[in-house]
Amino acid sequence: MTRDRPSEVTVFVYYDYLCPHSYLVLQRLDTLKKERPLITFWRPFLLEVAPSAAAESSRATLGDERSSRDASLAAQFARDLGRSAFDRFHVRLFEAVHLESRDISRRGVVLALAAECGLDTSALERSLDDGRYDEELKLARAEAERYGIGATPTLLFGRLKLIGAAPIDELRRVAELAATEI
């Protein structure tokens, strides 16, 4: 039996805004969405650098303590405003980092990007200050660890797992396999 429209597939993407491979996956999933119904759940998985003498020396020299924590918390705030607000802000954060080299570890940058996307920056800043979404980041990390996830991006298509910036043909293949799983 042939189908006019492919089956809907759900994918969970564990990502970090600072990860260039996560940005590539965002672009490739957008392409895939044009070909088949795809429900995407973006789950923050902040990259953590293990402390080392070299890293400490580098930080002391360059002041590099970049983290996407505030950006990830802000994305959770946008998610609560609706899918459109989240999608717009989520893409904007990735573009700011990977196309414009903006430092989203700085709260002011995150707030400026939120303002560009029409988010209420006063409410967003209050949510960052009161820790409203801190527990969600912890839960997302614990969830990822339960699934054996230790790198970004990691994509879960049902029971099928892809790690890294898989080529679009591989995403298509796995999405098709996931669509046939019962």
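Predicted model, so just to flag it, every value in this text is computed and none were measured. (Residues numbered from 1 in each chain as written. Predicted model: local features only at pLDDT ≥ 70, side-chain atom pairs only at ≥ 80, totals over all residues. Heavy atoms only, no water.)

A.B. asks: An account of the overall build of the protein is requested, with residue identities and associated values reported.
C.D. replies: Looking only at helices and strands, the protein has 8 helices and 4 strands in total. Evaluated residue by residue, the protein yields a buried proportion of 41% over its 182 residues. Taking the intrachain contacts of the protein between residues at least 6 apart in sequence as the baseline, contacts between residues at least 24 apart amount to 69%. Surface exposure of the protein reaches about 9900 Å², of which carbon and sulfur atoms provide 51%. (Helix = DSSP H or I, 4+ residues; strand = E, 2+ residues; numbered from the N terminus. Buried < 20%, exposed > 50% of the residue type's maximum accessible area, 1.4 Å probe, protein only. Contact = heavy atoms within 4.5 Å. Areas by Shrake-Rupley, 256 points an atom, 1.4 Å probe, with all protein chains shown as cover.)

A.B. asks: Just give me the short version of the pattern of salt bridges, but keep the residues and values in it.
C.D. replies: A complete count under the given rule lists 17 salt bridges for this structure. Note that Arg 36 and Glu 176 form a salt bridge whose closest N and O atoms lie 3.1 Å from each other. One end of the pair, Arg 36, is in the loop between helix H1 (20–33) and strand E2 (38–44); the other, Glu 176, is in helix H8 (residues 168–180), and 140 residues separate them in sequence. Exposure remark for Arg 36: the relative accessible area of 8% places this residue in the buried category. A salt bridge links Arg 79 to Asp 80; the shortest N-O distance between them is 2.8 Å. Owing to a relative accessible area of 47%, Asp 80 belongs among the partly exposed residues under this scheme. Via salt bridges that share partners, Arg 92, Glu 100, Arg 102 and Glu 116 belong to a single interconnected network. (Salt bridge = Lys/Arg side-chain N within 4 Å of Asp/Glu carboxyl O.)

A.B. asks: Got a sec to walk through the packing of helix H3 (residues 69–81) against helix H6 (residues 121–130)? Specific residues and values, please.
C.D. replies: Relative to each other, H3 and H6 sit at 120 degrees, their axes nearing to 10 Å. The angle between H3 and H6 falls in the class oblique. Crossing angle aside, the handedness with which H3 passes H6 is right-handed. Every residue of H6 that contacts H3 at Asp 70, Leu 73, Ala 74 and Phe 77 is listed here: Ala 123, Leu 124, Ser 127 and Leu 128. Grouping the constituent residues of the contact of H3 with H6 by class yields 6 nonpolar, 1 polar and 1 charged. (Axes fitted to C-alpha atoms, helices over the stretch in contact; angles between N-to-C directions. Parallel < 35°, antiparallel > 145°, perpendicular 65-115°, else oblique. Left-handed = near helix turned anticlockwise from the far one by under 90°. Nonpolar A, V, L, I, M, F, W, Y, C, P; charged D, E, K, R; others polar.)

A.B. asks: Summarise the sheet that holds E2; cite the residues concerned and give the values.
C.D. replies: Within the open sheet, the 4 strands sit side by side as E2-E1-E3-E4. Their pairing is mixed. With one partner strand each, in any of the chains shown, E2 and strand E4 (160–163) form the two edges of the open sheet. Pairs of neighbouring strands in the sheet enclose a mean axial angle of 20 degrees, with direction left out of account. Strand direction decides the pairing type here: strand E1 (residues 9–15) and E2, joined by 7 bridges, are parallel. If you follow Val 13 over to E2, its bridge partner there is Trp 42. Seen against the sheet, H1 touches E1, E2 and strand E3 (154–157) and runs at an angle of roughly 165 degrees to E2. Helix H7 (residues 134–146) rests against E1 and E2 of the sheet, and its axis sits at about 110 degrees to E2. (Pairing = 2+ DSSP bridges.)

A.B. asks: Residues and numbers for the environment of Ala 78, please.
C.D. replies: Topologically, Ala 78 is positioned in helix H3. Taking the relative accessible area as the measure of exposure, Ala 78 reaches 0% and is therefore buried. Contact partners of Ala 78, with chain neighbours within four places excluded, come to Ala 85, Phe 86, Phe 89 and Leu 119.

A.B. asks: Lay out the packing of aromatic side chains with the relevant residues and their values.
C.D. replies: According to the stated counting rule, one finds 7 aromatic pairs in the structure shown. Put simply, the rings of Tyr 15, Tyr 17, Tyr 23, Trp 42 and Phe 94 pair up and form one aromatic cluster. Seen from the ring of Phe 45, Arg 141 lies directly overhead, with NZ or CZ sitting 4.0 Å from the centre. (Phe/Tyr/Trp six-rings, centres within 6.5 Å; stacked < 30°, edge-to-face > 60°. Lys NZ or Arg CZ within 6 Å of the ring centre and 35° of its normal.)

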